[in-house]
Amino acid sequence: MLNCYTQIPLKGIYDDVVSAFEADKPKFLQMLDDYIDFGKLIPYEFSMAFYRSFGRPREYSLEGFIRLLVLQKVLGVPTDSLMLHFLSLSIELREFCGFTKVPDAPMITRFRQDFVGYIKLMFDRLVEITEPICREIDGKKADYLIYDTTGIEAYVAENNPKYLNSILSQCKKAAKANPKINPHALAYSKMPDAAGANPFVKQQYANGHFCYAHKAGILTNGLGIVRDIAFFDDSFRIKHPEIVHWKTDNPELDKEIGDSTSLKPVLKDFYKAHPGFSYKTFIADSAFDSYDNYGMLRDDFLFNRVAVPLNPRNSSASHGEYDDNGVPVCPIDRTPFTYIGPAGGKNRSQRFKWVCHMSKRIAGTSSRLCSCPTPCTDAIGGRYAYTNPDRDFRICPGIPRGTEHWDNLYNHRVTIERTINLLKDPFGVACRKSLSARTAKADLLLAAITQMIGVVIAHAIQKPKLYKSIRKLIA
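Residues numbered from 1 in each chain as written. Predicted model: local features only at pLDDT ≥ 70, side-chain atom pairs only at ≥ 80, totals over all residues. Heavy atoms only, no water.

Our next topic: the overall build of the protein chain. Counting its regular elements, the protein chain contains 20 helices and 11 strands. A total of 475 residues make up the protein chain; the buried ones form 49% of that total. Counted over contacts in the protein chain with a minimum sequence separation of 6, partners at least 24 positions apart contribute 66%. On the protein chain, roughly 23500 Å² of surface is accessible, and the fraction owed to carbon and sulfur atoms is 52%. (Helix = DSSP H or I, 4+ residues; strand = E, 2+ residues; numbered from the N terminus. Buried < 20%, exposed > 50% of the residue type's maximum accessible area, 1.4 Å probe, protein only. Contact = heavy atoms within 4.5 Å. Areas by Shrake-Rupley, 256 points an atom, 1.4 Å probe, with all protein chains shown as cover.)

Across the sheet, three strands lie side by side as 7-8-11; this open sheet has antiparallel pairing. Single-partner strands in this sheet number two, and they are strand 7 (338-343) and strand 11 (384-387). Ignoring which end each strand starts from, the neighbouring axes of this sheet average 30° apart. Sheet topology places strand 7 next to strand 8 (residues 351-355); five bridges connect them, and they run antiparallel. The residue bridging Y339 from the neighbouring strand is W354, located in strand 8. (Pairing = 2+ DSSP bridges. Axes fitted to C-alpha atoms, helices over the stretch in contact; angles between N-to-C directions.)

A few words now on the side chain of T130. Of note, T130 is situated in helix 9 (residues 116-137). Assessed through its relative accessible area of 0%, T130 is described here as buried. Reaching out from T130, the side chain makes a polar contact with the backbone oxygen of V127 at a distance of 3.3 Å. Side-chain polar atoms of T130 contact the side chain of R227, separated by 2.7 Å. (Polar contact = N/O pair within 3.5 Å; in protein donor to acceptor, adjacent residues only side chain to side chain.)

Before going further, it helps to examine the pattern of salt bridges. Applying the stated criterion across every chain yields a total of 19 salt bridges. A salt bridge links R135 to E131; the nearest nitrogen and oxygen atoms lie 3.0 Å apart. Linking R135 with E131, this pair stays in helix 9, spanning four residues, or about one helical turn. Its relative accessible area of 28% is what places R135 among the partly exposed residues. A salt bridge links E417 to R413, with the nearest nitrogen and oxygen atoms 3.0 Å apart. When salt bridges with common partners are traced through the structure, they connect K73, D80, R112 and D443 into a single cluster. (Salt bridge = Lys/Arg side-chain N within 4 Å of Asp/Glu carboxyl O.)

Here it is in structure tokens:
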């Protein structure tokens, strides 16, 4: 994996690539040729648009460009110029791409920007191809849909540490005159909301620090395979005007698309592109804890279970009968009740049954005995409580909160974090830091395409355990 933040000698990278070819030269590229038909992966609309734009005769084929860009992601090469340098030094790479001569770097950039919409069509085709493969690998995890947002850092002046340091030095001077001033807090408050070079590159917290980045929403299944990518650029805003509150003609002053706000349009676009898809479990972090989201997930997109932690800022101070996880509690000391299991007769809606934590089952019977020294009920078995998903889907989202089952399900959310890291670091998306939103979007889509190509290869060679990494497949 290439380190995005340290200088890497050109000779070192080239030696690694050459050694990979020399160690097992046929296998490295032969596997891609044997199991991936790039021609069939490219939509007809893509081919028509490409050849109409480039005309005839043409020096470089559409399939050659796709092969080159996929190979760049596999190798994790951070820049086009460096990748083309490898291409000029290796006849095997040129033969794999079908190039008789090496294109220039601006041509690769123009390809990304001009055809990013068609790259998305190719991405959607691979999603359709890999969906049944994912169901075959693990049907349970493939039925999870996980959502999160991320930021792709842009190449703008505001991301240069010197930019913040210059503002910080001014704030430190002000702090000397007024000791009550926190210079660091003041410096961050003076940072603009958007980059001067591109108003859609917003300030956000990503990768553990504040930066200026292109924002995107990503959907994966429980296996960590990307199902959809939504880039929150100007085209997304125009397509979904209901989620953007336009204040002025200046986009820098308009409200940024929030995580929770983005959920519905992203899911709407996803199911529109793949109407045959169906998922029963939705997983996301507490940023998506909203009453509107729960109802929308259940009623509009037919999810049976939603694993989203409750956000204390969206909850009342004490739910009275429930704790912060929506678990019934003792009315005296507010100790959480113990979950027993689902309840409800043949003609009744599903409910979840809870009992006082001091209540124990009598051995050999179905009866219970409560040993509480200060009982709150005359019932021998102690107080019972029920939660009903139909009454409050947020408190009881198809799976009881505060249980081991709920915790185990929510733990799958880490899968999307790992997938985002895969796209950014091993596939080199984070290293590129493009100013153009179209280029950044194309890079992110191509990284996801490369991941799904690995899934297809793993299925073809009957090694499903290697679906997570195309590099392990060709190593």
